[in-house]
Amino acid sequence: MPDRGFTPTQLAARAAYLLRGNDLGTMTTAAPRLYPHMWSWDAAFVAVGLAPLSVERAVVELDTLLSAQWRNGMIPHIVYANGVDGYFPGPGRWQCRELADAAPAGPDTSGITQPPVHAIAVQRILDHSRRHGRSTRAVAEEFLDRRWGDLMRWHRWLAHARDPKFDGRITIYHGWESGMDNSPRWDRAYARVTPGPDLPPYVRADTQVIADPSQRPTDVEYDRYLWLLEEMRRARYDDYELTTAMSFAVQDVFVSAVFALACDVLSQIGEEHARPRADVRELSEWADRFRSGVIATADARSGAARDFDLRADRLVHTETSAMFAPLLCGGLPRDAERQLLRTFEGPRFCGHPDLRYALPPSTSPVSGDFRAREYWRGPVWPVLSWLFSWAFARRGWAERAATLRTEGLRQAADGTFAEYYEPFTGEPLGSMQQSWTAASVLDWLG
Ligand code: GLC
């Protein structure tokens, strides 16, 4: 339990208050100033945090997100709030409605996607609804009826458009699609992205909110991010065109593991709620296929999983939280799994002697790529600690899940609900009042 700062009761109240403060009505912004719109995987975690407060409001969150789903099935990584500026790139830069056949007519969205954690939120909503009376249960079940087809289309798009060769791994065409924007996992792939002279000029908005540049990606990195966006625009966001048009194409082992897990969760929901048998069968086939795809990248001894760079045609070795992907979806042989757990808990990660809290840093502190303050290159991200604790509980590792929860709550007891934390000092970094941090805390305390 918290060793300083707020008590659990105070912390839960503040987290709930934060989510209300970030609520625009039918969407919760990812954070008040830095991220004033809805992000796809943030929205799913937010729904996890809202579910214990109000099943009804959690359902609204997912409804808003799914209303922005593309016609091909993609859930876009950003749904823009109406009439809110202050974020770059905004809808004017993406121009999805103008360029993409599959873009929705309604809300403005970005043209890329994010990790498919949404089935977890659906499950949490259903779980919480069971504690309530008939009318709340009906809201959750009616939601499932209404959105089941959309959830299937989302998973089907990932399994088809993003794994055209049936490798059992999801291809991403932009580091942003991984959710771990500037992780060292992408350094080599980005090194081959050469912004053309015709990259339209732009002004970053993030560095105006976060004044300390060491906490954010560099300008060189940003140019590459924007160049990839240019390549996508020129391919008119066409799924098939992207497979050859993009200079960045990596099979993301973490997203693939999340997808395998999400397929398991959704197929379980489908079974319990009498969804079509063919859907349930398809979901478990995808779960198996992607689990195998993840395991195929794992080192036989250490169990560590690796991304596969399609353009360089090789596995990518980095020491980041993504190497633990098999712990999320399962499937490793016993010895390798035990070894991977030892690494997770040992001195290269959570057991590093200088860590303030025993939580997984985004990059191993002993790696040459490690930067203690820089975004996905080292800091601890509470939402990832939550995801690992949730997945570990699901895998039957109650004690490990409890440890992550205890340490996560100790870190959160400062009440800042920071986006990420410096691993050695516990200093809160990035955006404060980050919605998914509050959501993680609410679920832990629920
Ligand atoms: C950053 C993170 C991404 C997150 C977004 C909104 O871009 O890298 O994972 O979804 O912020 O919180």
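Here, the structure is the one placed above.
Since this is a predicted model, take the numbers as computed values, not measurements.

Colleague: How should I be thinking about the overall build of the protein in this particular structure?
Modeller: Helices and strands together make up the secondary structure of the protein, namely 18 helices and eight strands. For 446 residues, the compact-globule estimate of 2.2 N^0.38 gives 22 Å, and the C-alpha radius of gyration of the protein, at 20 Å, lies within 12% of that figure. Principal axes of the C-alpha set define a box for the protein whose edges measure 55 × 50 × 45 Å. Relative to its full complement of 446 residues, the protein shows a buried share of 63%. Looking at the protein alone, contacts between residues at least 24 apart form 73% of all its contacts between residues at least 6 apart.

Colleague: What should I look at first to understand the nonpolar core in this one?
Modeller: For soluble globular proteins, the rule of thumb is that nonpolar side chains tend to be buried together. In terms of nonpolar packing, the biggest core is built from 150 residues, with Trp94, Ile125, Tyr237, Phe248 and Phe254 touching the most fellow members. Tallying contributions element by element places helix H12 (residues 253-272) first for this core, with 13 residues.

Colleague: Honestly, the site of the ligand in this entry has me stumped. Any pointers?
Modeller: Around the ligand, 13 residues are found, and the nearest of them are Asp42, Gln114, Gly179, Asp181 and Gln434. Between the ligand and Gly179 there is a distance of 2.6 Å, counted from an oxygen atom to a backbone nitrogen or oxygen. In isolation the ligand offers 310 Å² of accessible surface; the protein chains occlude 98% of this area. Applying the majority rule of atoms within 2 Å of the grid points places the ligand in the largest cavity. Looking at the shell around the ligand residue by residue, the class counts come to seven nonpolar, three polar and three charged.

Colleague: Explain the state of the cysteines to me, please; I cannot follow it from the model alone.
Modeller: Taken as a whole and assessed by the stated rule, the structure comprises zero disulfides. Left unpaired, Cys329 is separated from the closest cysteine sulfur, that of Cys263, by 11 Å. By relative accessible area, Cys329 is classed as buried at 7%.

Colleague: Would you mind going over the pattern of salt bridges with me for this structure?
Modeller: Where charged atoms of side chains with opposite charge meet at close range, the side chains can pair. Using the criterion set out here, one finds 35 salt bridges in the structure. In this structure, Asp187 and Arg377 form a salt bridge, with 2.9 Å as the shortest nitrogen-oxygen distance. A residue pair is termed long-range when its members are at least 10 positions apart, and Asp187 in helix H8 (residues 187-191) and Arg377 in the loop between helix H15 (334-345) and helix H16 (382-394) qualify at 190 residues. Of the residues examined, Asp187 reaches a relative accessible area of 30% and is grouped as partly exposed. By relative accessible area, Arg377 is classed as buried at 9%. Linked by salt bridges that have partners in common, Asp63, Glu142, Arg146, Arg147, Asp150 and Arg153 make up one network.

Colleague: Can you help me understand H16 in this one?
Modeller: Think of an α-helix as turning once every 3.6 residues; residues three or four places apart then point the same way. In this model, H16 (13 residues) spans 18 Å end to end at C-alpha, consistent with the 18 Å of a helix rising 1.5 Å per residue. With eleven of its 13 residues buried, H16 lies for the most part within the structure. All of the buried residues in H16 are Pro382, Val383, Leu384, Ser385, Trp386, Leu387, Phe388, Ser389, Trp390, Ala391 and Phe392.

Colleague: Which parts of the structure should I look at to understand empty space enclosed by the protein?
Modeller: To locate leftover empty space, one rolls a probe as large as a water molecule over the atoms. Within the structure shown, the criterion is met by five cavities of 30 Å³ or more. Computed from the structure, the largest cavity encloses a volume of approximately 220 Å³. Along the wall of the largest cavity there are 20 residues; nearest its centre are Tyr35, Trp39, Gln114, Asp181 and Tyr375. Grouping the constituent residues of the lining of the largest cavity by class yields twelve nonpolar, four polar and four charged.

Colleague: How should the sheet that holds strand S4 (residues 250-252) be read in this particular structure?
Modeller: Hydrogen bonding along the main chain pairs the strands of a sheet, whether they run parallel or antiparallel. The four strands lie next to each other as S3-S4-S5-S6, forming an open sheet whose pairing is antiparallel. Either end of the sheet is taken by a strand with one partner, and the two such strands are strand S3 (170-172) and strand S6 (314-316). Neighbour-to-neighbour, the strand axes of the sheet open up by a mean angle of 35 degrees, direction not taken into account. In this structure, strand S5 (residues 307-309) lies alongside S6, joined through three bridges in antiparallel fashion. Across the sheet, Phe308 pairs through a bridge with Leu315, a residue of S6.

Colleague: Is there a simple way to explain the packing of helix H7 (residues 134-161) against H12 in this structure?
Modeller: Relative orientation and spacing of two packed helices are given, respectively, by the angle between their axes and the distance between those axes. The geometry of H7 relative to H12 is characterised by a closest axis approach of 12 Å and an angle of 150 degrees between their N-to-C directions. Accordingly, the angle class assigned to the pair H7 and H12 is roughly antiparallel. The hand of the H7/H12 crossing is left-handed. Contact residues: H7 offers Leu144, Trp148, Leu151, His155, Leu158 and Ala159, while H12 offers Phe259, Ala262, Cys263, Leu266, Ile269 and Gly270. Class assignment for the residues of the contact of H7 with H12 results in ten nonpolar, two polar and no charged.

Colleague: Can you help me understand the packing of aromatic side chains in this one?
Modeller: For any pair of aromatic rings, the description rests on two quantities: the centre-to-centre distance and the angle between the ring planes. The final tally for this structure, using the stated rule, is 33 aromatic pairs. Through pairs of rings, three or more aromatic residues link up here, namely Trp41, Phe45, Tyr375, Trp376, Trp381, Trp386, Trp390, Tyr420 and Trp436. Here Arg289 stacks its cationic end above the ring of Phe166, 4.0 Å away from the centre of that ring. Residue placement shows Arg400 over the ring face of Trp397; its charged tip is 5.5 Å from the ring centre.

Colleague: Could you clarify how one ought to interpret the environment of Trp390 in this entry?
Modeller: The residue Trp390 is located in helix H16 in this model. By relative accessible area, Trp390 is classed as buried at 11%. In this structure the C-alpha to C-alpha distance between Trp390 and Leu328, which are 62 residues apart in sequence, comes to 9.1 Å. The contact partners of Trp390, leaving out residues within four places of it in the chain, are Ile120, Gln123, Arg124, Leu261 and Val265.

Colleague: Whenever I open this one, helix H13 (residues 277-295) confuses me. Can you help?
Modeller: Over its 19 residues, H13 extends 27 Å from the first C-alpha to the last, a length consistent with the 27 Å expected when each residue adds 1.5 Å. Taken together, the buried positions of H13 are Asp279, Val280, Leu283, Trp286, Ala287, Arg289, Phe290, Arg291, Gly293, Val294 and Ile295. Looking at the packing, one finds that the buried side of H13 touches H7, S3, H12 and helix H14 (325-329).

Colleague: Looking at this model, I keep getting lost on the layout of surface pockets. Mind explaining?
Modeller: By volume, the largest pocket amounts to about 270 Å³. For the largest pocket, the lining is made up of 20 residues, of which His37, Tyr80, Ala81, Asn82 and Gly83 are closest to its centre. A class-by-class count of the residues in the lining of the largest pocket yields nine nonpolar, nine polar and two charged.

Reading the values: rules and limits
Every chain begins its residue count from 1, and numbering advances along the sequence as written. Local features are withheld for residues below a pLDDT of 70 in this predicted model, meaning they are given only at 70 or higher, and side-chain atom pairs are given and counted only at 80 or more; totals for whole chains, interfaces and linings count all residues. Derived side-chain values reflect all non-hydrogen atoms in the structure, with water molecules and hydrogen atoms excluded from consideration. Secondary structure counts use DSSP, requiring at least four H or I residues in a row for a helix and at least two E residues in a row for a strand, with both numbered from the N terminus. We compute the radius of gyration over the C-alpha atoms and compare it with the globule rule, which gives 2.2 Å times the number of residues raised to the power 0.38. Note on classification: 1.4 Å probe, protein chains only; a residue is buried when its accessible area is under 20% of the maximum for its type, exposed when over 50%, partly exposed between these limits. Contacts: residue pairs with any heavy atoms within 4.5 Å of one another. For the purposes of this section, nonpolar cores are sets of buried Ala, Val, Leu, Ile, Met, Phe, Trp, Tyr and Cys residues that join through side-chain atoms within 4.5 Å. Distances are taken per atom, and a residue is near a molecule or strand as soon as one of its heavy atoms is within 4 Å of it. By the criterion applied in these results, polar contacts are pairs of N or O atoms within 3.5 Å in which, for protein atoms, one can donate a hydrogen and the other can accept it, and in which residues neighboring in sequence qualify only through two side-chain atoms. Areas reported here follow the Shrake-Rupley algorithm with a probe of radius 1.4 Å; residue values treat only the protein chains shown as occluding. Points on a 1 Å grid, built from protein atoms alone, make a cavity when a 1.4 Å probe fits but cannot get out and make a pocket when they are open with protein on both sides within 12 Å along at least 5 of 7 lines; residues with an atom within 4 Å of a point are the lining residues. Molecule-in-pocket calls rest on the fraction of atoms, with more than half required to lie within 2 Å of the cavity or pocket grid points. Side-chain classes follow a simple rule in which Ala, Val, Leu, Ile, Met, Phe, Trp, Tyr, Cys and Pro form the nonpolar group, Asp, Glu, Lys and Arg form the charged group, and the remainder, Gly included, forms the polar group. We call a pair of cysteine sulfur atoms a disulfide when they lie within 2.5 Å. Criterion for a salt bridge: a side-chain nitrogen of Lys or Arg within 4 Å of a carboxyl oxygen of Asp or Glu. Here the expected span of a helix is defined as 1.5 Å times the quantity of residues minus one. Grid points are joined across faces, edges and corners, and a volume is the space filled by probe spheres set on the points. Strand pairing is assigned whenever DSSP detects at least two bridges linking the two strands. Lines fitted to C-alpha atoms define the axes here, with helix axes fitted over just the stretch in contact, and angles between the N-to-C directions of these axes take values from 0 to 180 degrees. Any angle from 65 to 115 degrees is called roughly perpendicular, while one under 35 is roughly parallel, one over 145 is roughly antiparallel, and all others are oblique. Whether a crossing is left-handed or right-handed is set by the direction in which the near helix is turned from the far one by less than a right angle, anticlockwise for left-handed and clockwise for right-handed. Here is the rule: rings of Phe, Tyr and Trp (six-membered ring for Trp) pair when centre to centre is within 6.5 Å. Planes less than 30 degrees apart are stacked, more than 60 are edge-to-face, and the remainder are tilted. Criterion for a charge above a ring: Lys NZ or Arg CZ within 6 Å of the ring centre, and within 35 degrees of the ring normal.

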